[in-house]
Amino acid sequence: MNAHADDVRAWLDEVWDRTEAALILRGGDGAGPLGRRPVPAEIYDDDALAELCVLTTTGDFTGDICRCLGSLTVALLDAEGEFLGGGSLHGEAVARERGRFRNDLTVADPAGLLAFLERHVAHPLKPPPVEYVGFRGE
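What counts, and where the lines are drawn
Residues numbered from 1 in each chain as written. Predicted model: local features only at pLDDT ≥ 70, side-chain atom pairs only at ≥ 80, totals over all residues. Heavy atoms only, no water. Buried < 20%, exposed > 50% of the residue type's maximum accessible area, 1.4 Å probe, protein only. Helix = DSSP H or I, 4+ residues; strand = E, 2+ residues; numbered from the N terminus. Pairing = 2+ DSSP bridges. pLDDT = per-residue confidence, 0-100. Axes fitted to C-alpha atoms, helices over the stretch in contact; angles between N-to-C directions. Left-handed = near helix turned anticlockwise from the far one by under 90°. Contact = heavy atoms within 4.5 Å. Nonpolar A, V, L, I, M, F, W, Y, C, P; charged D, E, K, R; others polar. Polar contact = N/O pair within 3.5 Å; in protein donor to acceptor, adjacent residues only side chain to side chain. Core = buried A, V, L, I, M, F, W, Y, C linked by side-chain atoms within 4.5 Å.

Draft legend 1. Examining the pairing of strand β4 (residues 72-77) more closely. Of all the six residues making up β4, six are buried; the element is thus mostly covered by neighbouring parts of the structure. By the bridge criterion, six bridges tie strand β1 (residues 21-26) to β4 in an arrangement that is antiparallel. Each residue of the ladder has a partner; that of Ile24, found in β4, is Val74. Sheet analysis places β4 next to strand β5 (residues 83-90), joined by five bridges and oriented antiparallel. Looking at β5, one finds that Thr73 is bridged to Ser88. Counting the residues between successive antiparallel strands, the hairpin from β4 to β5 contains five residues, one of them, Gly81, with a positive phi of roughly 80°.

In structure tokens form, the structure reads like this:
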């Protein structure tokens, strides 16, 4: 059963109110334990966190979930570094707590979210050419 958009928004408000940091992790749903994934970005700055919050919570809920596994995961942490919740990026949508809510959010500003990621992610979002020696498919 899909959670009602109001329930997801209430959860998002509660989680973001407690968020002190965000990690951008490689891989979406099913990419393995969060603690074992590469971390191409760590967001601690209050302004950047506020921007990420708006970019990943503003939009319309689909009432369904994307069938792909997603590309990156945004993990939200509290002041003690404890995991509060996360969401995987699925093109122009964010799947929050996918198994729990089953209701993706189509973001209102996909270009803004991509620009944010390009500014903050330490590694390129697109894989380098195949001939690049350092590329391991991460």
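Draft legend 2. Spotlight on the pairing of β1. With respect to burial, β1 is a largely interior element, six of its six residues being buried. The side-chain alternation of β1 yields two buried faces, one formed by Ala21, Leu23 and Leu25 and the other by Ala22, Ile24 and Arg26. Pairing between β1 and strand β2 (residues 41-43): three bridges, direction antiparallel. Its bridge partner lying in β2, Leu23 is registered against Glu42.

Draft legend 3. Main features of the confidence of the model for the protein chain. Confidence along the protein chain averages 86 in pLDDT terms, with 88% of residues attaining 70 or more. Averaged over each element, pLDDT in the protein chain is lowest for helix α3 (residues 98-101) (86) and highest for helix α2 (residues 46-57) (97).

Draft legend 4. Molecular detail of the packing of α2 against helix α4 (residues 110-120). Their axes nearest at 9 Å, the elements α2 and α4 cross at an angle of 145°. α4 is crossed by α2, and the crossing has left-handed handedness. The segment α2 lies against α4, with Ala48, Glu51, Leu52, Leu55 and Thr56 engaging Gly112, Leu113, Phe116, Arg119 and His120. Classifying every residue of the contact of α2 with α4 gives five nonpolar, three polar and two charged.

Draft legend 5. Structural context of the side chain of His90. Structurally, His90 can be placed in strand β5. Polar side-chain contacts of His90 include one of 3.5 Å to the backbone oxygen of Cys68. Every residue in contact with His90, bar those within four places of it in the chain, is listed here: Asp29, Cys66, Cys68, Leu69, Gly70, Ala95 and Arg98.

Draft legend 6. Region of interest: the nonpolar core. In this structure, Ile24, Leu52 and Leu117 are the most contacted members of the largest nonpolar core, which totals 28 residues. Secondary-structure elements contributing two or more residues to this core are α1 (5-18), β1, β2, α2, β4, β5, β7 (105-107) and α4. Looking at which element gives the most residues to this core, the answer is α1, with five residues. Sequence-distant contacts of Ile24, defined by excluding residues within four places in its chain, comprise Pro38, Val39, Pro40, Ala41, Leu52, Leu72, Thr73, Val74, Leu117 and Val121. Listed in part, the five residues of the second largest apolar core include Ala21, Leu23, Leu25 and Ala75.

Draft legend 7. Structural view of unusual backbone geometry. Even without being glycine, Glu97 reaches a positive phi, approximately 40°. Position of Glu97 among the secondary structure elements: in the loop between β6 (93-96) and α3. The backbone of Arg102 sits at a positive phi, close to 50°, despite the residue not being glycine. For Arg102, the location among the structural elements is in the loop between α3 and β7.

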